[in-house]
Each structure stands twice: as C-alpha cells, then as structure tokens.
Amino acid sequence: MELEIEQYITSKKFEPAFKLIVSNYHQRIYWQIRRMVLIHEDADDVTQNVFIKIYQNLETFKNESKISTWIFRITYNETVNFMNKRAKENSISFDDYSKNVADALDSDEYYSGDEINLKLQKAIAKLPEKQRVVFIMKYYDELKYEQISEVLGTSVGALKASYHHAVSKIKEFLETED
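These numbers were taken from a predicted model, which means no experiment stands behind them.

> Account for the pattern of salt bridges, naming residues and giving values.
Overall, the coordinates contain 5 salt bridges when judged by the stated rule. Between D42 and R86 there is a salt bridge, with the nearest N and O atoms lying 3.2 Å from each other. Of the two residues, D42 sits in helix α3 (residues 40-57) while R86 sits in helix α4 (residues 67-89), which places them 44 residues apart along the sequence. Note on R86: relative accessible area 27%, which makes it partly exposed. Measuring nitrogen to oxygen at the nearest pair gives 3.3 Å for the salt bridge that ties R132 to D95. Of this pair, R132 sits in helix α7 (residues 129-140) while D95 sits in helix α5 (residues 94-103); the two residues are 37 residues apart in sequence, bridging distant segments of the chain.

> Can you lay out the nonpolar core for me, pointing to particular residues and giving the numbers?
By size, the foremost hydrophobic cluster in this structure holds 55 residues, and its most contacted members are I54, L58 and L152. Looking at which element gives the most residues to this core, the answer is helix α2 (residues 14-37), with 11 residues. Setting aside anything within four residues of it in sequence, one finds L58 in contact with I9, F14, A17, F18, I21 and W70.

> Break down α4 for me, citing the residues and quoting the values.
The first and last C-alpha atoms of α4 sit 33 Å apart over 23 residues, in line with the 33 Å expected at 1.5 Å per residue. The positive-phi residue at the C-terminal boundary of α4 is S91, with phi of around 55°.

> I'd love a proper account of the packing of aromatic side chains, names of residues and values included.
One pass over the structure, following the stated rule, counts 9 aromatic pairs. Ring plane angle 85° and centroid distance 5.0 Å describe the contact between Y30 and W31, whose orientation is recorded as edge-to-face. For Y30, a relative accessible area of 8% translates into the label buried. On the basis of relative accessible area, W31 is assigned to the partly exposed category, the value being 37%.

> Summarise the environment of I116; cite the residues concerned and give the values.
With respect to the element layout, I116 can be found in helix α6 (residues 115-125). In the structure, I116 is positioned 19 residues away from Y97 in sequence and 22 Å away in space, judged by C-alpha atoms.

> Talk me through unusual backbone geometry; I want residue IDs and the actual numbers.
Phi is positive for K12, which is not a glycine, with a value near 60°. Relative to the elements of secondary structure, K12 occurs in the loop between α1 (2-10) and α2. The backbone of L38 sits at a positive phi, close to 70°, despite the residue not being glycine. By the secondary structure assignment, L38 is in the loop between α2 and α3.

Thresholds, definitions, all that
Along every chain, residues carry numbers that run from 1 in the direction the sequence is written. Confidence filtering applies because this is a predicted model: local features only for residues at pLDDT of at least 70, side-chain atom pairs given and counted only at 80 or more, and all residues used for totals across whole chains, interfaces and linings. Here the side-chain values reflect all heavy atoms present in the structure, with hydrogen atoms and water set aside. Salt bridges are defined as contacts in which a side-chain nitrogen from Lys or Arg sits within 4 Å of a carboxyl oxygen from Asp or Glu. Secondary structure elements are taken from DSSP: a helix is a run of H or I of four residues or more, a strand is a run of E of two residues or more, and numbering for both begins at the N terminus. Throughout this description, buried means an accessible area under 20% of the type-specific maximum (1.4 Å probe, protein chains only), exposed means over 50%, and partly exposed covers the range between. The set of buried Ala, Val, Leu, Ile, Met, Phe, Trp, Tyr and Cys residues whose side-chain atoms join them within 4.5 Å is what this entry labels a nonpolar core. Here a residue-residue contact requires only that any non-hydrogen atoms of the pair lie within 4.5 Å. What a helix is expected to span follows from its residue count: subtract one and scale by 1.5 Å. Whether two aromatic rings pair depends on their centres lying within 6.5 Å, for rings of Phe, Tyr and Trp, where Trp uses its six-membered ring; planes under 30 degrees apart make the pair stacked, over 60 edge-to-face, and the rest tilted.

Next up, the structure:
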C-alpha cells in the first residue's frame, strides 16, 4: 500500500495517491491526534487540517523517507501547532493546556474510557511535551524508534531516554493516585 502510494506520487497521479492515503491512514492519524489533544472535536479539526496539508503538499514529497513517516511528521506538526495556538489563546503554557484538557476529560461525552484509562490519560497529559509525544508514538502507535527519530528529528538514544523517563513518571503518577 505504501509503495503503491509512492508510485502514484512519482507518476504525478496525486488524486489516487490522496484517496489511498485517506482510506489507509485516516484512523491512525485521527487517533494519533486524539491522544494528544484528547477532545474529539479538536481531533476532528486537526485531522481535517492534516489532510488539507497532505493534499496541498503531495507534489513536494521527495521519497527521502517513507510516506508514513512524512504523514506522521505533518500530523505531529499540525497537532503541536494546534495545541500551542490553544494554549496561547488561553494565556497558559502548552503543558498547562494539556493538563487542563485532561482534567476536563471526565465530562467529555465522546470519551469512553474507564477509570484506569482516564488516570493513564491524565498521567500522560502531565508529561513534558517531548516525553508525551514519544510515549504516544511508541506505546499507542507502535512506531519503531528509528521511525520516531525521523518524524521528530531526534536521535534514537534520546528517544529511548525520553520514553524511559515517560514510563517512570506515568508509573509514579499512577501509584500516587491509588
């Protein structure tokens, strides 16, 4: 599927490439965003922005990385930009914005997780941005460190350290919440 998309792009057939991207990546993109922004409506908005960006930039894809890596990079950038914008609008830091959203998660009508999942989401929201992103990409999206490294432009060693710190902080948070 990824190879087929890249072949369409190489042959300048952007419409079929985009259709394949939407059909094969929509759910993954939505959930990658949702795990960061937590609110369904916000995740929908950012997902739409991601697909607009992908469509507008298909011609610029250079095959220097996998199409999935390119898509995840766009998704990550759009998500962080959205969260920074929301934090600025509320005159608070990125991390405080994330904590506030996580604290309001219990009243989100689209949130269907149980109490344990809610605690996990709150623990993740309390992580610094980089640790949160690395944890989500590794734990939920099941990306390999090498792919995360390409998306974030960080060394594999630094990513492993960030993931380890994130897991330790989440474990500590969950233990103190009980």
